[in-house]
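Listed below, chain by chain, are the residues.
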Amino acid sequence: MATQSIADQLEQLKLEQYPNCYPQLNPFDIYRSHITTLLQPITGVDASIIYNALQWTATLDKGDLVLAVPALRIKGKKPDQFAQEIVAQWPGSDLVETPTAFGPFMQFFFKAETLTKTLVPMARSLGPDFGKNPANGLRDPSDPSKGSKRMVIEFSSPNIAKPFHAGHLRSTIIGGFLAKLYAGAGYDVKRINYLGDWGKQYGLLALGFERYGNNEDLEKDPINHLFTVYVKINQDVGAEKDQAEALIKEGKPEEAQKVKDNGLDEQARKYFKAMTEQEPKAIEQWQKFRALSIERYKQTYARLNIEYDEYSGESQVSEEAMAKTAAKLVEMGIAEESEGALIVDFAKHIPGKAGKSLEKPIIRKKDGTALYLTRDISELLHRAEKYKFDEMIYVIASQQDLHVKQFFKIVELMGHKDLADKCRHINFGLVLGMSTRKGTVKFLDDILRDVGDFMHDVMRKNEDKYKQVENPEKVADIVGISSVMVQDQSGKRINNYKFDMETMTSFEGDTGPYLQYAHARLCSITRKVNLSNEELASADLSILTETHAIQLVRTLAQWPDVVQNTLKTLEPTTILTYLFKMTHSLSSSYDHLKIVGSEPEIMKARMALYDSARIVLSNGMRLLGLTPVERM
Ligand code: ARG
C-alpha cells in the first residue's frame, strides 16, 4: 500500500549514518546514503569520500546525482575505465537505476516510483518545515545538548529623518531573507537594526522642530514629518552659509563670524552636546523622535514579514565605551595623533598593498567627537559581550566595503582575531533609477505604496479576473511587495540592477506576480478538488507514471538540497532560480496531469502531487520574505 510511513520505509532501507545525512528530512540524503553503501564494497573507497563526491546535476537529463570518478582519488586507474568497471559490478537497487558511465562521470537516475513514494508523503507531512533542518545550526551535531549556534544579523539600519534609500531597501530584503534562512537551519538568530540616530544633525533636527515641527504631524507620520523638518532646517543652514560668505566677500569678516557664532550650525553643536550629556530636555525631545520613528518602522517592516529583536543604533554606543576603545588603541600603538585627531595608519600595521589599501581612517576628530568607525568598533565589542554570538553578519551595501574592512581589521589588531573571524560582511550592489511616481521622497512606505498602486493598475487591465478578486487593494499591495522583493533577489547580490516597475509587476517572465499566480492557482485547484488530508494520504502514488509527473517529483525532491546549497551561497537567487524552474515544470504539467474530470484514484494521486508542489512553493516564497496569496 502506498501509505507506508517514511519511518517504515527508511527502516527497511537500513541506511548507514553519515555526517550531515538526514534521510527523514531530505530525500536526496536517502539516495546519497544508499548509493554510498552500494559503491563502497565495489570501489573500496572510504564511505565519506564517496558520500561527498555525489553531486547535483545541472539539469535532470544528466541524472539526479552524478559522481565524478576522479573525486574518489583512486591511484593507478583511468577514471573512464574505472567508471565502466563500477557500472559492470552494480548490484541492482530498488531505489536507483543502473548508473550510466559518461566519460569519467557516473550518472545516477532515481527510480521514479520509490522517489514519488518518498517525496510526496515527506513534503506533505513536514508541510511548512519541509526544507528546514534544525540540526544545521547545532554547535555539535553529534551532541544536541550543546545547543544551537547563535547568529546575530544586522540589517536595514536606516537613518532617522533621512530617506530610506535603495541601500536600506536591499539590506532589509537580503537581511530578512538571511534571518529566515538561518532560523530554518536551527540557528538561534538575533536580528538587530542599527539605526543612524546620533550626531550633530539630530541636534539640528531638534532645532528644526522648534521652528517647523508640530506634535500632531509628528504623531501621525513621524518619518515624513521629521524629514520635512530636516529638509527645511538644512535650507536655513545653507542660507546662513551663503550669508556669511557674502559678508566675507563684502570685506566684513567680523560680521560673518558673528553670523557663524550665533548660527544654526553652532546651536546644533551645542544642542547635540547637551544630548550627549544626557541633559533631560534635549534628550527627551530626541527620544520621542526616535521612539515614534521606530513604531512606524515596525509597521512597515511587518509588511515585509520582518521583526527585530533589537533596535540598536549609533546613539546606543556609550561615550565611555568609545573612550575606552580609543585609549586602548593608543596604548597598543594602533592609533596615533595626527593634526590633533586620532587616526589609524594601516600601512604601519599591515605590510604591503593590503595595509595601504585600508588607508588612514580617523577614529576621533580634533574636537573630540567619535566617528562612525569608532562606534562600529565599540558596538561590535559590546555585541560580543551581550549576545556571546558564534557568528555575526552585517548586511551593508558594497559602497561601505572599505569601512567594514577597516573596523573588522581594527578589532583584529586589538587582539580579537577570534572575534573578527566570527564576523562577516554580506554586501550588495546598487539599485539604479529608484524613484517614486509621486515625487522624489523615497521612504520604504512610499515605495511599497507606489508599487501597490502600479500593481493595482496592472490587475485592473484584466477586467474579468479583477472582478473575481475579493479584496483587490490588499492583493495588489501584497503582490506589489512581492514584485519589489523578487526583482531585488533575482540576480546575484553584488550585481547592480535597475528598479523597473513595468518589468517587476509583469505576470510574464520570472517575476513576483508570476510566483504569486502559480501559488494562487495551486490553491484554487485545492479548493475545487476539496479532498481531505486522509484521502490525499491514501492516494496510490504508483500511478503517477507520466513524464511530467516524474519530472515534477524529481524537481520537488531537490528542495531541501537547494536550501542546503543556499546556506553556502547565501544568495537569494539560489532559491529563486529553483522556484522558477519548479514552477515552469509545474505549469507545463497542468495540461498533461488534469484533475477535473479524472478518475477518483487519479485525481487523488495528482492532487497529492500538486499539494507537494504548493508546499514547496509556499515554503520557498516565505523564505524569501513573500506572503503567498491564495487568490488573485
Ligand atoms: N546607517 C548607515 C547608513 O545609512 C548604515 C549602517 C550600517 N551598519 C553599520 N554597522 N555600520 O549608511
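In the nomenclature of an unreviewed UniProt entry, the chain corresponds to arginine--tRNA ligase from the organism Microdochium bolleyi. Note on the chain: under the UniProt heading Sequence similarities (unreviewed entry), the record states "Belongs to the class-I aminoacyl-tRNA synthetase family." Per UniProt, the chain has the following entry under Catalytic activity (unreviewed entry): "tRNA(Arg) + L-arginine + ATP = L-arginyl-tRNA(Arg) + AMP + diphosphate".

(A) Up close: the overall build of the chain. Secondary structure summary: the chain contains 27 helices and 14 strands in total. Considered along the principal axes of its C-alpha atoms, the chain spans approximately 95 × 65 × 40 Å. Considering only intrachain contacts with a sequence separation of at least 6, the fraction spanning at least 24 residues in the chain is 71%. Split by element, the accessible area of the chain, about 29400 Å² in all, is 51% carbon and sulfur.

(B) Summary view of the pattern of salt bridges. Going through the model one piece at a time under the given rule, you end up with 39 salt bridges. With its nearest N and O atoms 2.9 Å apart, the salt bridge here joins Arg150 to Asp188. Here Arg150, found in strand β5 (residues 150–154), pairs with Asp188, found in strand β6 (residues 188–195); they are 38 residues apart in sequence, far enough to count as distant. The salt bridge partner of Arg211 is Asp236, with a shortest N-O separation of 2.8 Å. One end of the pair, Arg211, is in helix α7 (residues 200–212); the other, Asp236, is in helix α9 (residues 222–249), and 25 residues separate them in sequence.

(C) The arrangement of the confidence of the model for the chain in detail. Here the chain shows a mean pLDDT of 94. Residues at 70 or above account for 98%. Here the predicted complex scores 0.96 on pTM and 0.99 on ipTM.

(D) Spotlight on a positive patch on the surface. A contiguous patch of positive charge, built from Arg521, Arg527, Lys528 and Arg631, is present on the exposed surface. Its location among the elements puts Lys528 in helix α22 (residues 512–529).

(E) Layout of helix α15 (residues 372–387). Taking 1.5 Å of rise per residue, the 16 residues of α15 would be expected to cover 22 Å, and the 22 Å separating its terminal C-alpha atoms lies within 8% of that figure. When α15 is considered as a whole, its buried residues turn out to be Leu373, Thr374, Arg375, Asp376, Ile377, Ser378, Glu379, Leu380, Arg383, Ala384 and Tyr387. Trailing α15 by a residue or two, Lys388 shows a phi angle of about 45°, which is positive.

(F) Highlighting unusual backbone geometry. Non-glycine residue Glu339 carries a positive phi angle of around 50°. Assignment of secondary structure puts Glu339 in the loop between β8 (335–338) and β9 (341–344). Looking at Glu339, the relative accessible area reads 74%, which means it is exposed. At Leu570, a position not held by glycine, the phi torsion is positive, near 50°.

(G) Here's a closer look at the domain arrangement of the chain. What the domain assignment reports for the chain is domain 1 (6–110), domain 2 (152–241 + 267–318 + 371–432) and domain 3 (443–624). Of note, the centres of domain 2 and domain 3, computed from C-alpha atoms alone, are 35 Å apart. With 29 residues of domain 2 in contact, the opposing surface of domain 3 contributes 29 residues. Buried area between domain 2 and domain 3, both sides added, is near 2800 Å², and the carbon and sulfur share of it is 68%. Remark: the boundary between domain 2 and domain 3 carries 4 salt bridges. The partner of Asp488 in a salt bridge is Arg170, and the shortest N-O contact between them spans 3.0 Å. Contributions of two or more residues to the side of domain 2 that touches domain 3 are made by α6 (166–184), α9, α12 (280–303), β12 (423–426) and β13 (431–432). Counting residues per element, the side of domain 2 that touches domain 3 draws most heavily on α6, which supplies 9 residues. Considered class by class, the residues forming the side of domain 2 that touches domain 3 number 18 nonpolar, 5 polar and 6 charged.

(H) Local environment of helix α24 (residues 547–557). Those residues of α24 that fall on the buried side of the exposure criterion are Ala549, Leu552, Val553, Arg554, Thr555, Leu556 and Ala557. Looking at the buried side of α24, the elements it contacts are α2 (27–43), α5 (112–126), α25 (559–569), α26 (572–587) and α27 (600–623).

(I) Focus on the nonpolar core. With 149 residues, the main nonpolar core has Leu67, Phe108, Ile153 and Leu178 as its most contacted residues. Among the elements that line this core, the one with the most residues is α27, at 11 residues. Among all residues touching Phe108, those that are not within four sequence positions of it are Ile35, Leu39, Leu54, Gly63, Asp64, Leu65, Leu67, Trp90, Val96 and Pro99.

(J) Spatial organisation of the sheet that holds strand β10 (residues 362–364). The strand order β8-β9-β10 describes an open sheet built from 3 strands, whose pairing is antiparallel. This sheet does not close on itself; its edge strands, each paired only once, are β8 and β10. Strand-to-strand twist in this sheet, taken as the mean axis angle between neighbours without regard to direction, amounts to 45°. The pairing of β9 with β10 spans 2 bridges and is antiparallel. Looking across to β10, one finds that Leu342 is bridged to Arg364.

(K) Just the site of the ligand, in detail. Every residue near the ligand is listed here: Glu154, Ser157, Asn159, His168, Tyr194, Tyr372, Asp376, Tyr394, Ile396, Gln400 and His403. A distance of 2.7 Å separates a nitrogen atom of the ligand from a polar side-chain atom of Asp376. Within the contact set of the ligand, an oxygen atom lies 2.9 Å away from a side-chain nitrogen or oxygen of Gln400. Against a free-state accessible area of 350 Å², the protein chains account for coverage of 91% of the ligand. Each residue belonging to the shell around the ligand can be placed in one class, and the counts come to 4 nonpolar, 5 polar and 2 charged.

(L) Structural context of the sheet that holds strand β2 (residues 65–68). Sheet architecture is open: 4 strands sit in the order β1-β2-β4-β3, paired in antiparallel fashion. The open sheet is flanked by β1 (54–55) and β3 (100–102), the only strands paired with a single partner. One ladder, built from 4 bridges, connects β2 with strand β4 (residues 105–108); its direction is antiparallel. Across the sheet, the residue bridging to Leu65 is Phe108, located in β4. Most of the contacts of α2 go to β2, to which it runs at about 40°, and overall it touches β1, β2 and β4.

Conventions we followed
- Residues numbered from 1 in each chain as written.
- Predicted model: local features only at pLDDT ≥ 70, side-chain atom pairs only at ≥ 80, totals over all residues.
- Heavy atoms only, no water.
- UniProt positions renumbered as here; feature names shortened; annotations may be inferred.
- Helix = DSSP H or I, 4+ residues; strand = E, 2+ residues; numbered from the N terminus.
- Contact = heavy atoms within 4.5 Å.
- Areas by Shrake-Rupley, 256 points an atom, 1.4 Å probe, with all protein chains shown as cover.
- Salt bridge = Lys/Arg side-chain N within 4 Å of Asp/Glu carboxyl O.
- pLDDT = per-residue confidence, 0-100.
- Patch = residues over 30% accessible without salt bridge, like charges linked within 9 Å, V, L, I, M, F, W, Y side chains within 5 Å.
- Lys, Arg positive; Asp, Glu negative; His and termini not counted.
- Charge placed at Lys NZ, Arg CZ, Asp CG, Glu CD.
- Expected span 1.5 Å × (residues − 1).
- Buried < 20%, exposed > 50% of the residue type's maximum accessible area, 1.4 Å probe, protein only.
- Domains from an automatic or database assignment.
- Buried area = accessible area lost by both parts, 1.4 Å probe.
- Nonpolar A, V, L, I, M, F, W, Y, C, P; charged D, E, K, R; others polar.
- Core = buried A, V, L, I, M, F, W, Y, C linked by side-chain atoms within 4.5 Å.
- Pairing = 2+ DSSP bridges.
- Axes fitted to C-alpha atoms, helices over the stretch in contact; angles between N-to-C directions.
- Near = heavy atom within 4 Å.
- Polar contact = N/O pair within 3.5 Å; in protein donor to acceptor, adjacent residues only side chain to side chain.

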